Amino acid sequence: MGGTPYAPHTPDETATMLDAIGVDSEAELFDIPEEVAFDGELGLAERTERETRQLVRGTLTSNDDLTEFLGRGHYSHYVPSVVDHLSDRAEFLTSYTQYQPEIAQGFLQALFEYQSMLVELTGLPVANCSMYDAATALAEAATLSDRVRSTSGDVVLVPEQLREGKRSVLENYCDGVDLTVEEYPMVDGNADVDALAERAGEDVVMIYAENPTVRGPIEEHLDRIGDVAADTDALFVLGSDVVALSILQEPAAVGADVVVGEAGALGLPASYGMGLGLFACKDDYLRQVPGRLVGAAEDAEDTRTYTLTLQTREQHIRKERATSNICTNQAWVALRAAMHAATLGPDGLVDLAESCVRDARDLADRLDDLTGVKAPVHDRHHLREFAVRTDQPAKAIAGDLEAEGFAVHALDDHLLQVCVTDLNADHADDLVAAFEEVA
C-alpha cells in the first residue's frame, strides 16, 4: 500500500508501523484462505477505453428487451427530468455523509424535508433519513421490537405471503438477536385476523402486516390487526410505500407503532436490488431509531439550521449500545425521493396512486375476459398489481409471454402476477393481446 497516491505512506512509514505492531508485512495482518487469495493475476485482457466501452456496450445489447409487468415490492414510476438534473449537481454527487453542518445546510434541509414527507404520509412523528431498502427496514423494526418491548418474548409474526427475499433478510437479522420468525395465514389476499389473534400471545414481540399486501390487494383489516397487537403488547409494524401511503389508511390511525417499506418508489427506477427503505415510528422510540436523523436547530444568530442528530450507529457509539450497523449513506437516494415528491406535490402524488388503482382494475378486467384466465384472483381492491389464475401452467405462459416480449411473475403452477404503473400502462393492449395468444 505504501507509495500509492491514495494511501500516502512512504515505505519507511509503513515499515515503522509494521515494526510497532510486530509483523514483517501487511499480509500477516490478514488470514485469507489460499483458495480465495489474490494470486497476482486478474485474468483480464488489457483494453483501451474505447475497446472497453465497445465490449460493455456489446454485452449490454445481449440483454432481452422486455416490457416488464413486474412488481412485488419493486416499482417503476416516471421520474421527472428535473430530479436527474438537480440531483446530479456536483455538490450532491460529491457529498458523502453530511457530518459538517456548516458546509451542508442545503443537503441537510432536503433530508429534513424528506423526513417531513414521511411524517405526513404515515402520521407518525419520527422518521429517519436512511435505510438500505424495505427488507432491512423491516429487519431493523424487529430488532427495535426486541429492545423496547417490556415483556419477554422472541417471536416475530409475519404474513405467510411475505416476499421470500424480504423474509430471508428478516430471518438473518433475527438470528443475531435470538428472535424467531413465524407466519400467520392469509385469506383471499388479506390477513386471517382470527388465526392471527389465536396465535398472538405473550411470546410475540412484533406483528407485521402489509398494505397493500404482496399480491397487490388492499389490506382491509388494519384496525383489527392493530387491536390484536395492542391486546398482546406486541409492536405493530406496517409495511407500505410512499405512493400507496398517499391514498391508503394512515398508519397512525390504525395503531401502527412503526412503518417500514420502500421510499424508492419515488426518485428511482426499479433496479431489483437497490432501494431506499423508509422507517417512521412513534415518539416513544425516538432514541431507538436505527440509522440517522436530521434535526432542526438554531445557530448563534437564532437562524434555523439543520444537523445530523441521534446517530446511534456503530461508528458513532460503543458497539454494544448501537441500534444498527447500517453504515452506508442513502442520502442521495433520499434526496431524489424528496425531489420527486416535491415535483408531484400532494395532488400529483394522489393522482399517481389513484392511477395505480384504476389501471390495475382495468387491466385485470380485460384479462378476465379471456378464455382460460381469471383476474384478479382476490376479490378486493388492488394497487398496481394483482394475481392471475390460468388454466394452462403458469410457468409455461410466463415463458411464452417472455418470447412475446413481456415479463411477468410466475407464483405457482397456475398463478401469475402482473404489475401495471404509469410506465408500462401504454403497453397494456399489447400484453392483453399476448395473453390471448398464449393462454
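The coordinates are above.
Residues numbered from 1 in each chain as written. Predicted model: local features only at pLDDT ≥ 70, side-chain atom pairs only at ≥ 80, totals over all residues. Heavy atoms only, no water.

**Quick notes on the pairing of strand 11 (residues 293-298)**
Right, on to step 1. Bridging between strand 11 and strand 12 (residues 304-309) involves six bridges; their strand directions are antiparallel. By the bridge assignment for strand 12, E298 is matched with R304.
Right, on to step 2. Here strand 11 folds back onto strand 12, and the loop between the two strands holds five residues, one of which, D302, carries a positive phi near 65 degrees. (Pairing = 2+ DSSP bridges. Helix = DSSP H or I, 4+ residues; strand = E, 2+ residues; numbered from the N terminus.)

**Observations concerning the state of the cysteines**
Right, on to step 1. Taken as a whole and assessed by the stated rule, the structure comprises zero disulfides.
Right, on to step 2. Here C129 stays unpaired: no disulfide links it, and the sulfur of C281, its closest cysteine neighbor, is 13 Å away. (Disulfide = S-S within 2.5 Å.)

**Re the packing of helix 10 (residues 331-368) against helix 12 (residues 428-438)**
Right, on to step 1. Between helix 10 and helix 12, whose axes approach to 10 Å, the crossing angle comes to 25 degrees. Overall, the two elements helix 10 and helix 12 adopt an arrangement that is roughly parallel. Helix-helix and strand crossings are classified by hand; for helix 10 and helix 12 the assignment is right-handed. Across from L363, R366 and L367 in helix 10, the residues of helix 12 making contact are A428, D429, L431, V432 and F435.
Right, on to step 2. For the contact of helix 10 with helix 12, the class distribution of residues is six nonpolar, no polar and two charged. (Axes fitted to C-alpha atoms, helices over the stretch in contact; angles between N-to-C directions. Parallel < 35°, antiparallel > 145°, perpendicular 65-115°, else oblique. Left-handed = near helix turned anticlockwise from the far one by under 90°. Contact = heavy atoms within 4.5 Å. Nonpolar A, V, L, I, M, F, W, Y, C, P; charged D, E, K, R; others polar.)

**Overview of the sheet that holds strand 14 (residues 385-390)**
Right, on to step 1. Taken together, the four strands give an open sheet; going across it, the order is 13-14-17-16, and neighbouring strands pair in antiparallel fashion. Two strands in the sheet have a free side with no partner beyond their single neighbour: strand 13 (373-374) and strand 16 (409-412).
Right, on to step 2. Pairing of strand 16 with strand 17 (residues 415-419), which is carried by three bridges, proceeds in the antiparallel orientation. The partner of H409 across the bridge, within strand 17, is Q417.
Right, on to step 3. Across the sheet, helix 10 lies against strand 13, strand 14 and strand 17, angled at about 10 degrees from strand 14, the strand it touches most.

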